[in-house]
Amino acid sequence: MTVTGTPSQVIEAYLDHLRQMLVGAEPAEREEILASVREHLHDSLGALRREPTVVDAQAALDELGPAEDVVRAWADGGDPNLTAVEVVEPGTRDRRLLAVGTIALSICSLAVTVLNPILAAGLQLSLAVIALVAARKATTHTSLYRAAATIASVGVIVSTVVILTLFSANDAPAQPDEPVPVRSGPG
Amino acid sequence: MSGLDRSAVLANLRRGTLEYCVLAHLDRGPSYGLDIARTLGAESALFDSEGTLYPLLSRLRKTGHVTTQWRESTGGAPRRYYELTEDGRAALHAFVETWRQFADSVDAVLRGKSA
């Protein structure tokens, strides 16, 4: 991994990220955690007994662990009965809304299959791709995105089956009309 | 058991025991963050990320199990030292007694299962 900037810039970027993620903590507690982490990094680099490089700073941060782990440890201690930890990050509600919206759109696209299967297939394919990419990249609500991707994928299959059925029905050779008996009158 | 199951078990065990490991470390004398992290971190089962100690230390200070004081360090900025309080020591002793009984019970059950 390429690390850019000075050691202090790398460390400050980590601390800024941690500060943002600890938005739910009381200000005094947040500052105490940040000061302790800063001190830990200072001591860790000071133990090198030489001018630290940016690689040293990154190595110290790697040992410290991701800011997400620190926040999880903080959130874990907030409620002793907590078994499943949900880390509250800025914008979490918006991201949850987005994930639920993707599921809702996937379900709606199933209804579109009845009206216009070709349009539905395109929509479902797009939703499946978007949901899969989101599930891979998102740090939260990945199960919601995976559910949306599954629903959209099922929709793609259903729409494809409907389209193929319609086309095969149109391609079938036309049945000759029943001969209409002609009755001629007497004489 | 899958890796995911193991990490979930480990996370649950750590949740209830790590703070007492910190108190046990401080029972040997006052210590600072990096020293606590490196000593406890030598036992890989206790935590994956050193940073997870700091919310815990902050909580232990708030609950009165540890106090902090600044001390001069050799050739560096002053360090925040954590020191066990009497409440912390009492909590540690209660844990040690309970833990032994608990661990014995769990071991007995597990031995019975494997027999």
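This report concerns the structure included in the present document. Within every chain, residues take consecutive numbers counted from 1 along the sequence as written. All chains are assigned letters beginning at A, and all ligands numbers beginning at 1, according to the order in which they are written. Where local features are concerned, this predicted model is filtered to residues with pLDDT of at least 70; where side-chain atom pairs are given and counted, the filter is 80 or more; whole-chain, interface and lining totals use all residues. Neither water nor hydrogens contribute to the side-chain values; these are computed over all heavy atoms in the structure.

Elements are defined by DSSP. Helices are runs of H or I of four residues or more, strands are runs of E of two residues or more, and each kind is numbered from the N terminus. Across its full length, chain B holds 4 helices and 3 strands. The order of α-helices and β-strands along chain B, N terminus first, is α-β-α-α-β-β-α. When a residue's accessible area, from a 1.4 Å probe over protein chains only, is under 20% of the maximum for its type it is buried; when over 50% it is exposed; and in between it is partly exposed. Counting only residues that meet the buried cut, chain B has 37% of its 115 residues in that class. Any two residues whose heavy atoms approach within 4.5 Å at even a single point are treated as in contact. In chain B, once contacts between residues fewer than 6 apart in sequence are set aside, the share between residues at least 24 apart is 49%. Note on areas: Shrake-Rupley, 1.4 Å probe, and residue coverage restricted to the protein chains presented here. As presented, chain B carries roughly 6900 Å² of accessible surface, and 54% of it is formed by carbon and sulfur atoms.

Turning our eyes to something else, we now look at the interface of chain B and chain A. On the side of chain A, 25 residues touch chain B, which itself brings 21 residues to the contact. Accessible area that two parts lose when put together, with a 1.4 Å probe and added across both, is what the buried area reports. Contact between chain B and chain A buries roughly 2000 Å² in total, counting both sides, with carbon and sulfur atoms accounting for 47%. Broken down residue by residue, the surface that chain B buries against chain A is led by Arg15, Tyr54 and Arg80 of chain B, which jointly contribute 27%. Any Lys or Arg side-chain nitrogen found within 4 Å of a carboxyl oxygen on Asp or Glu counts as a salt bridge. Summed over the shared surface of chain B and chain A, the result is 6 salt bridges. Notably, a salt bridge pairs Arg15 of chain B with Asp76 of chain A, separated by 2.5 Å at the nearest N-O pair.

Spatially, 1-3-2 (chain B) is the arrangement adopted by the 3 strands of the open sheet, whose pairing is antiparallel. The sheet is open, and its two edges are formed by strand 1 (31–32) and strand 2 (66–73) of chain B, each paired on a single side. When DSSP finds two or more bridges between two strands, those strands count as paired. As defined by bridge partners, strand 2 of chain B adjoins strand 3 (residues 76–84) of chain B across 7 bridges and the pair is classed as antiparallel. Opposite Gln69 of chain B, over in strand 3 of chain B, you have Tyr81 of chain B as the bridge partner. Here helix 2 (residues 27–46) of chain A sits on the sheet in contact with strand 1, strand 2 and strand 3 of chain B, set at roughly 120° to strand 3 of chain B. Lines fitted to C-alpha atoms define the axes, with helix axes restricted to the stretch in contact, and inter-axis angles between N-to-C directions lie between 0 and 180 degrees.

Right, let's get into the pattern of salt bridges. Under the definition given, this model contains 15 salt bridges over all chains. With a shortest N-O distance of 3.3 Å, Asp43 of chain A and Arg79 of chain B are connected by a salt bridge. In this pair, Asp43 of chain A sits in helix 2 while Arg79 of chain B sits in strand 3, so the two residues belong to two different chains. Under the relative-accessibility criterion, Arg79 of chain B is labelled buried at 17%. Ionic contacts of the salt-bridge type, sharing partners, join the residues Asp16, Arg19 and Glu31 of chain A into one network.

What follows is about the environment of Arg72 of chain A. Residues and elements named next belong to chain A. Inspection of the secondary structure assignment puts Arg72 in helix 4 (residues 67–78). Residue classification places Arg72 among the partly exposed positions, given a relative accessible area of 37%. A sequence separation of 51 residues divides Arg72 from Met21, and the C-alpha atoms of the two residues are 9.8 Å apart.

The next point concerns helix 2 (residues 33–41) of chain B. What helix 2 of chain B keeps buried is the set Gly33, Leu34, Ile36, Ala37 and Leu40 of chain B. Looking down the long axis of helix 2 of chain B, one finds its buried residues gathered within 165° of arc, a one-sided arrangement. Here the arc refers to the set of directions running from the helix axis out to each C-beta atom.

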